[in-house]
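Examination of the molecular architecture
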Amino acid sequence: MIRQTLIATLLFATSAIAQQTQTTPPKPTLRELTIENIFDPKRRVAFSGAPQGGFVWLDDKTFTWPHTNEKGDITEQVVIDTDTGKKRTLFDAAKLQAAARKTAGVTEDEAKHLSQQRNWNFSPNKKSVILTVGDDLYSYTFDSDSLTRLTSTPGEEQEPSFSPDGRFIAFVRNNNLYVVDAATQRERQLTTDGNENMLDGIFDWVYQEEVYGRGNFRGYWWSPDSSHIVYLQLDERPVKRFTVVDHIPTMQKIELEPYPKAGFPNPIAKLFTVAANGTAPHEVNTEPYSGGDFLIVSVDWTPDSSKVVYQIQNREQTWLDVNMADLSGGGTPKTLFRETTKAWVEPDHNQKITWLKDGSFLWLSERSGFKHLYQYTADGTLEKQITNGPWEVRSLHGIDNNNDWIYFSGTERSVLGTDVYRVHLDGSGLARLSDAAGEHRAIFNPAMTQYVDSWGDIQTPPQVSLLRNDGSRVRVIDTNEVTALRDYRISKPEFLQVKTRDGFAMEAMIIKPPDFDPSRKYPVYEYTYSGPHAQQVRNGWRGTQYLWWQLLAQRGLIVWVCDNRTASGKGVESTWPVYKHFGELELRDLEDGLRWLTSKPYVDGLRVVLDGWSYGGFMTSYALTHSTMWSAGIAGGTVSDWHDYDSIYTERYMLMPQNNPDGYQNSSPRFAAKDLHGALLLLHGTIDDNVHMQNTIQFAYELEKADKPFRLMVYPKSRHGVSDPLLVQHLRMTMLQFIDDNLLRK
């Protein structure tokens, strides 16, 4: 009986175990990250998902964005009603493509390209957009699904924009400013002196790159009443030309770019106003500044269109004047105030005056060492500081119609992220509107009553919601769930602080291998940029860069990112110490951070690679020629000699070479090539028009003369960033092989 019972019990237990084995799913095997599933253009995984973007408010109650299918193709421009959440189609991509295909000379591929734009040039009433078809401008009207040709004159039309009333479209052709009537297509030329050396209403390379924002070449501004345009004129005749060569065509393609290097002549800037009806332009008086070089760094209008408001800086950017001139340009302009700091004043093309109902205005200033909001009276008298503290206002979104609440984004909660805030005009009632920690990007409607919020953190690709102006959520727009991230071996990044030898708290991030064993010793991959006020330790989604870091951790490296103080984002006061000498303080801080890390028992301090691009390439080259703490370095797009870089950026921090010769000599890795320590991989795009490949060639020449071995890989048809997907994959494979050779292979 006992034996039978035991057998029955065993049979029951065996059956239960078998049943449990059958019903409990096995634990999934996590997949490995590879170069292919991160970077290969055909096999890569959409680790960032497909977050909605390109949001444009049509009015206070509706906004639009381009909707994509599973392949990433745009299928329609969607409109959502914020009250009901209902969606409708503003226009269909296939219909736009068909309409474009009917236009003479437009191929199927060109028509599809037109329909796949993500940033549309909308009319003020949001019922049409401007398209460039061939070299001419067309207006595509949504309701009628029709294309109207606006221009038919030979020559490319650049930087088109609607007048605020929608009646005219301004554009630049052959460096002259034009307008065309949207209803009659009657064209009018506003300037006649534009040519290859005289640019009317369009920026050159250095003004778009260093003043008005990379990719923004529009150098003219409509008056609010649509009657006039103010435009910047740039005289390029004094500027030296730099030759960029594309070696891939049988007969090389040569680019001669006006590029003012540090200490060399800048373009001569002038400001003009011109009536849209075509009367002769009037020059805005800049005579008070004629005694020296100056930059015109921001241009705007008063709300009543009667005056031009513009900002002028001296060449080395130690001060900035906010000026106001009459519409006619005559008389002596009035300087509202002069902005200064303990070092430089960095121009900000987004730094427009925000006017209030009583004629006063809001201004963002870094004079205290942190960027904050100030209120000025109409005549330029400082009334009060509105925000303050050891944090920054990063961007001003606007003020509500009652001039009660000011809305902005800033770092009051944490420098690692960006939050949305509001504050009363008198400085009271400061409130954070965003909830989750991370990076929030807000797009407010015109009345400042609602905003679209795009949020992500270091582990979460962007998600989009609609919120009220008190921070309460109306609805989720796009959860952007990326299930693929759960299928891979991903380590959780850790944020921490490391103090420098003099007590500055640097922000840092560490990613350990997924199977981290504290009893082992791991080599280190360190990433840096190090440039002024350009933090890299951020609690925000980093896309393929983040997956690259995870791949390295998965292969048995500790990934280390530590922001030196001048790149920390902790106010411009933390950046001022870099003034007149690049590299020295940055290196000291990076050494302090690495010294802290290599003191850990699980870190192999003899196997450390430093990697950076652009300023980070400079910093890597500088570190390996001025320190022995890194065993290897990857330097991409390197500035090896600050004499080689552009005037506006370099002189802001270093002054002109004539005024700081020792600073330039001591800051340039080229002149310390003989002291190279460790293995070095140099990377550069051969047609880089920003940091010219000349930098890497000059550095290589000095390394060779000093009998220092190094590796070099160049990327044809690539500019300052390698963007061709096939070349990006090759770049990452090259970097991975170098890291394996110098850190993982014994």
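Calculation notes
Residues numbered from 1 in each chain as written. Predicted model: local features only at pLDDT ≥ 70, side-chain atom pairs only at ≥ 80, totals over all residues. Heavy atoms only, no water. Pairing = 2+ DSSP bridges. Helix = DSSP H or I, 4+ residues; strand = E, 2+ residues; numbered from the N terminus. Contact = heavy atoms within 4.5 Å. Axes fitted to C-alpha atoms, helices over the stretch in contact; angles between N-to-C directions. Buried < 20%, exposed > 50% of the residue type's maximum accessible area, 1.4 Å probe, protein only. Polar contact = N/O pair within 3.5 Å; in protein donor to acceptor, adjacent residues only side chain to side chain. 1 Å grid on protein atoms, 1.4 Å probe; cavity = no way out; pocket = protein on both sides within 12 Å on 5 of 7 lines; lining within 4 Å. Points joined across faces, edges and corners; volume = space filled by probe spheres on them. Phe/Tyr/Trp six-rings, centres within 6.5 Å; stacked < 30°, edge-to-face > 60°. Lys NZ or Arg CZ within 6 Å of the ring centre and 35° of its normal. Parallel < 35°, antiparallel > 145°, perpendicular 65-115°, else oblique. Left-handed = near helix turned anticlockwise from the far one by under 90°. Nonpolar A, V, L, I, M, F, W, Y, C, P; charged D, E, K, R; others polar. Right-handed = clockwise from strand over helix to strand, strands pointing away.

A separate point is the sheet that holds strand E3 (residues 74-81). A sheet is described by the order of its strands in space; here four strands give the open sequence E1-E2-E3-E4, paired in antiparallel fashion. With one partner strand each, in any of the chains shown, strand E1 (56-57) and strand E4 (87-92) form the two edges of the open sheet. Alignment of E1 against strand E2 (residues 62-68), held across two bridges, turns out to be antiparallel. Looking across to E2, one finds that Trp57 is bridged to Phe63. Packed on one face of the sheet, helix H3 (residues 93-101) meets E3 and E4 and runs near 15° to E4.

What follows covers the sheet that holds strand E8 (residues 146-149). Backbone hydrogen bonds are what pair the strands of a sheet, in a parallel or an antiparallel way. Spatially, the four strands line up as an open sheet ordered E5-E6-E7-E8, and their pairing is antiparallel. Each having just a single partner strand, strand E5 (121-122) and E8 make up the two edges of the open sheet. In the sheet, strand E6 (residues 128-133) pairs with strand E7 (residues 136-141) via six bridges, with the strands oriented antiparallel. Bridge pairing in E7 places Leu131 opposite Tyr138. Lying on the sheet, H3 is in contact with E6, E7 and E8; it crosses E7 at an angle near 135°.

As for its placement among the helices and strands, Arg315 is situated in the loop between strand E21 (307-314) and strand E22 (319-326). In this structure Arg315 comes out as buried when scored by relative accessible area, which is 6%. At 3.1 Å, the side chain of Arg315 forms a polar contact with the side chain of Asp293. Discounting chain neighbours no more than four positions away, the residues touching Arg315 are Lys261, Gly263, Phe264, Pro265, Asn266, Asp293, Phe294, Leu295, Ser647, Glu651 and Met656.

This part is about the layout of surface pockets. Considered as a void within the structure, the second largest pocket measures approximately 420 Å³ in volume. What lines the second largest pocket is a set of 17 residues, among which Leu199, Phe203, Asp204, Glu257 and Pro258 lie closest to the centre. Listed by contribution, the elements that provide at least two residues to the lining of the second largest pocket are strand E9 (157-162) and strand E17 (253-258).

So, on to the packing of aromatic side chains. All told, the structure shown has 53 aromatic pairs when counted by the stated rule. Judged by centre distance (5.3 Å) and plane angle (55°), the rings of Trp541 and Tyr546 are tilted. For the pair Trp541 and Tyr546, a shared accessibility class is recorded, and that class is buried. Relative to Trp596, the ring of Trp560 lies with its centre 5.7 Å away and its plane at 20°, an arrangement referred to as stacked. Remark: Trp596 occurs in helix H7 (residues 584-598) and Trp560 occurs in strand E39 (residues 558-562); sequence separation between them is 36 residues. Exposure remark for Trp596: the relative accessible area of 29% places this residue in the partly exposed category. Members of the aromatic cluster, connected to one another through ring pairs, are Trp344, Tyr529, Tyr579, Phe582, Tyr615, Phe618, Tyr622, Trp642, Tyr645, Tyr649 and Tyr653. Here the guanidinium or amino end of Arg338 rests over the ring plane of Trp319, the centre of that ring lying 3.9 Å away. Here the basic side chain of Arg367 rests over the ring of Tyr374, its NZ or CZ set 4.5 Å away from the ring centre.

Attention now goes to the packing of H3 against helix H4 (residues 108-115). In contact at an axis separation of 8 Å, H3 and H4 are set at 140° when each is read in the N-to-C sense. Between H3 and H4, the crossing angle belongs to the class labelled oblique. For the pair H3 and H4, the sense of crossing is right-handed. Touching Ala93, Leu96, Gln97, Ala100 and Arg101 of H3 are Glu108, Ala111, Lys112, Leu114 and Ser115, all from H4. In the contact of H3 with H4, the residues fall into five nonpolar, two polar and three charged.

Excluding glycine, residues mostly have negative phi values, and the peptide bonds linking residues are mostly trans. Unlike most non-glycine residues, Ser305 shows phi in positive territory, near 65°. Inspection of the secondary structure puts Ser305 in the loop between strand E20 (294-301) and E21. In this structure, Gln317 takes a positive phi of about 60° despite not being glycine. Its place among the elements puts Gln317 in the loop between E21 and E22.

On to empty space enclosed by the protein, then. Throughout the structure, instances matching the rule amount to one cavity of 30 Å³ or more. For the largest cavity, the calculated volume is near 40 Å³. Taken together, Ser298, Val299, Asp300, Val309, Tyr310, Gln311, Gln351, Lys352 and Ile353 make up the full set of residues lining the largest cavity. Of all the secondary-structure elements, those providing two or more residues to the lining of the largest cavity are E20 and E21. Here the residues of the lining of the largest cavity are counted per class, giving four nonpolar, three polar and two charged.

In terms of residue burial, strand E41 (residues 632-636) counts as a mostly covered element, since five of its five residues are buried. The side-chain alternation of E41 yields two buried faces, one formed by Ala632, Ile634 and Gly636 and the other by Gly633 and Ala635. In this view, the connection linking strand E40 (residues 603-613) to its parallel neighbour E41 by way of helix H8 (residues 615-626) has right-handed handedness. Relative to strand E42 (residues 679-685), E41 is paired through five bridges, and the arrangement is parallel. Following the sheet pairing, Gly636 is matched in E42 by Leu683.

Don't take any of this as a statement about function, it's just geometry.
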